[in-house]
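# Examining the three-dimensional arrangement
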Amino acid sequence: MANVELVTAEDLQLMQELAQRVTATRPDLVNSDASYGELAWNWGKGYASIGGSWRRRLWFDGGDLVAWGWAQLPHQVRRNDGSVRDVKGAYLAYQVHPDHAGLVDG
């Protein structure tokens with residue numbers, strides 16, 4: 001089952017739980033932006049200002065999250081002086097449990 005929506009605080013907790021499970025079994029497979037702490041840091045520093053441009057997709061096996069992808073799409077940032085800057089780039093972070101590696105194109 002998969003769905004695409006905005007990233008929520010509940011999603012972040014599920015993503016952190018997956019990070020812990022992957023770290024416990026295969027720490028070499030934890031993406032640098034997908035560790036428990038980095039997920040919290042990225043969420044905390046950016047959600048209020050650009051969270052509306054974040055999209056996520058979650059993959060479950062039964063009730064367990066086994067993979068996620070988080071895309072930061074092009075967006076606008078309002079600066080302190082009131083001007084607006086266009087951020088034209090996009091960014092993708094993801095994590096897949098090693099038992100479900102087939103979810104990622106090789």
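The sections below set out a description of the structure shown in this document.

The rules behind each value
Residues numbered from 1 in each chain as written. Predicted model: local features only at pLDDT ≥ 70, side-chain atom pairs only at ≥ 80, totals over all residues. Heavy atoms only, no water. Buried < 20%, exposed > 50% of the residue type's maximum accessible area, 1.4 Å probe, protein only. Helix = DSSP H or I, 4+ residues; strand = E, 2+ residues; numbered from the N terminus. Pairing = 2+ DSSP bridges. Polar contact = N/O pair within 3.5 Å; in protein donor to acceptor, adjacent residues only side chain to side chain. Contact = heavy atoms within 4.5 Å. Salt bridge = Lys/Arg side-chain N within 4 Å of Asp/Glu carboxyl O.

## Quick word on the pairing of strand S3 (residues 64-72)
Two faces belong to every sheet, and in a regular strand the side chains alternate between them. The buried fraction of S3 is high, at 7 of 9 residues. Pairing analysis gives 8 bridges linking strand S2 (residues 54-61) to S3, with the strands arranged antiparallel. Considered in S3, the bridge of Arg 55 is made with Ala 71. Across 6 bridges, S3 lies against strand S6 (residues 91-96) in antiparallel orientation. When the bridges of S6 are listed, Ala 71 appears paired with Leu 92.

## Digging into the pairing of strand S5 (residues 84-87)
Pairing analysis gives 4 bridges linking strand S4 (residues 75-78) to S5, with the strands arranged antiparallel. Across the sheet, residue His 75 finds its bridge partner in S5, namely Val 87. Where S4 folds back onto S5 in an antiparallel hairpin, the turn is made up of 5 residues, including Gly 82, whose phi is positive at roughly 95 degrees.

## Section: the side chain of Gln 95
Along the polypeptide, Gln 95 turns up in strand S6. Side-chain polar atoms of Gln 95 contact the backbone nitrogen of Asn 31, separated by 3.0 Å. When neighbours within four sequence positions are excluded, Gln 95 is seen to be in contact with Leu 18, Val 22, Leu 29, Val 30, Asn 31, Ala 34, Val 66, Ala 67 and Trp 68.

## Overview of the pattern of salt bridges
Counting across every chain of the model gives 2 salt bridges. Here Asp 11 ties to Arg 56 by a salt bridge, and the two come within 2.7 Å at their closest N and O atoms. Of the two residues, Asp 11 sits in helix H1 (residues 9-25) while Arg 56 sits in strand S2, which places them 45 residues apart along the sequence. Among the salt bridges present, the one from Asp 28 reaches Arg 26, with a minimum N-O distance of 2.7 Å. In this structure Asp 28 comes out as exposed when scored by relative accessible area, which is 55%.

Read these as spatial facts, not as claims about activity.
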